[in-house]
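Tertiary structure, described
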Amino acid sequence: MAKDLTMGKPSSVLIKFAIPMILANIFQQLYNLADSIIAGNVLGVNALSATSVSYPVTLIYTGIAIGASQGAAVVIANLMGSRRYRDMSTAVGTTLLSMFAASAVLTAVGVAVCDPVLKLLKTDEVIFADSSDYLAIYTYGVPFVMLYNAATAAFNAMGDSRTPLILLICSSVVNVVLDLVFTVEQCGICWGVSGLAWATFIAQGAACVASLWWMFVKLRRLVRAEESESERQGRVKPFSLSQLRSILHIAVPSMLQQLFVPVGLLFVQAVVNGFSPSVIAGYTAAVKVNTMCISCNNMLGNAMSAYTAQNLAVAARDRVKSGLKWGNVLALSVSAAFLIVSLTCSRFLIGLFAGSQDAGFDEMVDAGKLFLTITSPFYLLVGVELVFNGLHRGEGKMLLFMLATGGDLVFRVAFSYILAPSLGFTGVCWAYAIGWIVGLAFALGGYFISGKRPLRFFEGAPKC
């Protein structure tokens, strides 16, 4: 059911809305975790390294999809809050059509540049062929990634965070099962690293089709239930240029913010690729554990954006302020839990990604443990930063949003190159922490400098 986030106690509304989003994100991360764990244990450390080299590139695809979807979600949430359901349906159609067109272009370009990008990243010849196959197959599934994220964002914007959770649980299970079927020798289909990519392709495709079908069903029910008989006579417009402009006002900075993560990883990956394959594998494993925490807090930021956009539509500014407080409480709680797990279970977590009999196992575990030990205490800062960024996006304060996320990227990459020559892999770890500190400083500074008051919604942007 679509849920009105402008009604009810702010703390309970935000918590009930955000928790399914966090759980859904955890299951989504299982896509990458399953690939990595199975790659390392079934296919070996070289296979794990092959998937890790492609990881920043695949994050570019998902970053574009998530960023564009977040922009659309703010528009849809605002229309939901003001109860303009026909316009909301048009916004969903505009989002889907635009993202399908963008995904077609992205796929064509991505397939063409797979090998040049891998060469640019100085990919080792031993793992180049596997990395190329994995990246190419994943690229073919980009339309699924784009449309699925668009549907998920629309569900969340309407206050429905349970449907994406259900879909992700199902697709994650399918992904893990197919990973095993396509790689374990006893199953008879030994496709190696390519099998991991095909498993993700099929699971994402199934989730995309199911989410789109259910989205259209919910929209039709919502419009028919809430509008009068006379209003039902006209058809809902499938596309609106004015809505596309409003979506792009939020989506473009959001896409850039999402791209900061993979672009930063690409530059940092180039530094890490100068170390041994075992260190690369340990870094990969640790980053994926690290990403689980960051992405959960990013979901809190998305929840904060939808909550803010709906409440600003009815000028409920006190509810926005209360939501910010409870969003930070949730972020600190989530981050503290990941901090404790990362510090106490780091060796076990990294060890999941490869077999102990592998020659490079000990070096891989040591590298991954070092990364988590240095970076995990700063999870608390990241959680607060992402909640404030979500508030800025929901209010339409995209300049503040960009400063916080851009500062994180620039300082993280710069200090990776500055510290690595003298401190080695330890310098890369500290560069992450420095980037997060800078990002939080921008996020908090922008909030207090702007007077702690929401700006007019989509200030300077075309109205829907």
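None of the values given here were measured: they were computed from a predicted structure.

Quick look at the overall build of the protein chain
Along the protein chain, the regular secondary structure elements total 15 helices and 0 strands. A globule of 464 residues ought to have a C-alpha radius of gyration of about 23 Å, and the protein chain, at 22 Å, matches this closely. Structurally, the protein chain occupies a C-alpha span of about 70 × 50 × 35 Å along its principal axes. Here the protein chain holds 464 residues, and 62% of them are scored as buried. By sequence separation, contacts in the protein chain at least 24 residues apart represent 84% of the contacts at least 6 residues apart. Total accessible area on the protein chain stands at roughly 18100 Å², and carbon and sulfur atoms take up 68% of it. Of note, the protein chain has its 31 positive side-chain charges centred 16 Å away from the centre of its 24 negative side-chain charges.

Some words on the nonpolar core
In terms of nonpolar packing, the biggest core is built from 132 residues, with Ile 76, Met 88, Tyr 283, Met 364, Phe 371, Val 428 and Tyr 432 touching the most fellow members. Sort the elements by how many residues they give to this core and helix α2 (residues 45–81) lands first, with 20 residues. Not counting residues within four places of it along the chain, the set of residues in contact with Tyr 283 comprises Leu 265, Val 268, Gln 269, Val 272, Phe 371, Phe 425, Val 428 and Tyr 432. Judged by nonpolar contacts, the second largest core, of 8 residues, contains Ala 47, Tyr 134, Val 193 and Ala 197.

Some remarks on the pattern of salt bridges
Side chains carrying opposite charge are able to pair once their charged atoms draw close together. Throughout the structure, instances matching the rule amount to 5 salt bridges. In this structure, the salt-bridge partner of Arg 84 is Asp 87, at a minimum N-O distance of 3.1 Å. Arg 84 sits in the partly exposed class, given a relative accessible area of 32%. Since its relative accessible area comes to 32%, Asp 87 is described here as partly exposed. The partner of Lys 397 in a salt bridge is Glu 395, with the nearest N and O atoms 3.0 Å apart. A residue is classified by how much of its surface remains accessible, and Lys 397, at 3% relative accessible area, is buried.

Details of the packing of aromatic side chains
Following the criterion strictly, the structure yields 15 aromatic pairs and no others. Ring geometry for Phe 378 and Trp 430: centres 6.2 Å apart, planes at 80 degrees, overall edge-to-face. Here Phe 378 is found in the loop between α12 (361–375) and α13 (379–395), whereas its partner Trp 430 is found in helix α15 (residues 425–449), with 52 residues between them in sequence. Summarising the aromatic geometry, the rings of Phe 388 and Tyr 447 are spaced 5.0 Å apart at their centres and angled 70 degrees between planes, so their arrangement reads as edge-to-face. A residue pair is termed long-range when its members are at least 10 positions apart, and Phe 388 in helix α13 and Tyr 447 in helix α15 qualify at 59 residues. Of the residues examined, Tyr 447 reaches a relative accessible area of 10% and is grouped as buried. Linked through ring pairs, Phe 275, Tyr 283, Phe 371, Tyr 379, Phe 425, Tyr 432 and Trp 436 together constitute an aromatic cluster.

So, the packing of helix α9 (residues 277–312) against α15
Put simply, α9 and α15 touch, their axes get as near as 12 Å, and they point 20 degrees apart. Between α9 and α15, the angle falls in the class roughly parallel. The way α9 lies across α15 gives a crossing that is right-handed. Mapping the contact onto sequence places Val 279, Tyr 283, Val 287, Asn 290 and Ile 294 in α9 and Phe 425, Val 428, Tyr 432 and Trp 436 in α15. Here the residues of the contact of α9 with α15 sort into 8 nonpolar, 1 polar and no charged.

Some words on a nonpolar patch on the surface
Residues Leu 97, Phe 239 and Leu 241 make up a contiguous nonpolar surface patch of roughly 290 Å² in combined accessible area. Along the chain, Leu 241 falls in helix α8 (residues 241–272).

Details of the confidence of the model for the protein chain
The predicted coordinates should not be examined in detail at positions where pLDDT is low. Per-residue confidence for the protein chain gives a mean pLDDT of 85; residues scoring 70 or more make up 93%. Counted against residues more than four places away or in other chains, residues 452–464, with its pLDDT under 50, gives 38 contacts.

Quick notes on the rules
Residues numbered from 1 in each chain as written. Predicted model: local features only at pLDDT ≥ 70, side-chain atom pairs only at ≥ 80, totals over all residues. Heavy atoms only, no water. Helix = DSSP H or I, 4+ residues; strand = E, 2+ residues; numbered from the N terminus. Rg over C-alpha atoms; globule rule 2.2 N^0.38 Å. Buried < 20%, exposed > 50% of the residue type's maximum accessible area, 1.4 Å probe, protein only. Contact = heavy atoms within 4.5 Å. Areas by Shrake-Rupley, 256 points an atom, 1.4 Å probe, with all protein chains shown as cover. Lys, Arg positive; Asp, Glu negative; His and termini not counted. Charge placed at Lys NZ, Arg CZ, Asp CG, Glu CD. Core = buried A, V, L, I, M, F, W, Y, C linked by side-chain atoms within 4.5 Å. Salt bridge = Lys/Arg side-chain N within 4 Å of Asp/Glu carboxyl O. Phe/Tyr/Trp six-rings, centres within 6.5 Å; stacked < 30°, edge-to-face > 60°. Axes fitted to C-alpha atoms, helices over the stretch in contact; angles between N-to-C directions. Parallel < 35°, antiparallel > 145°, perpendicular 65-115°, else oblique. Left-handed = near helix turned anticlockwise from the far one by under 90°. Nonpolar A, V, L, I, M, F, W, Y, C, P; charged D, E, K, R; others polar. Patch = residues over 30% accessible without salt bridge, like charges linked within 9 Å, V, L, I, M, F, W, Y side chains within 5 Å. pLDDT = per-residue confidence, 0-100.

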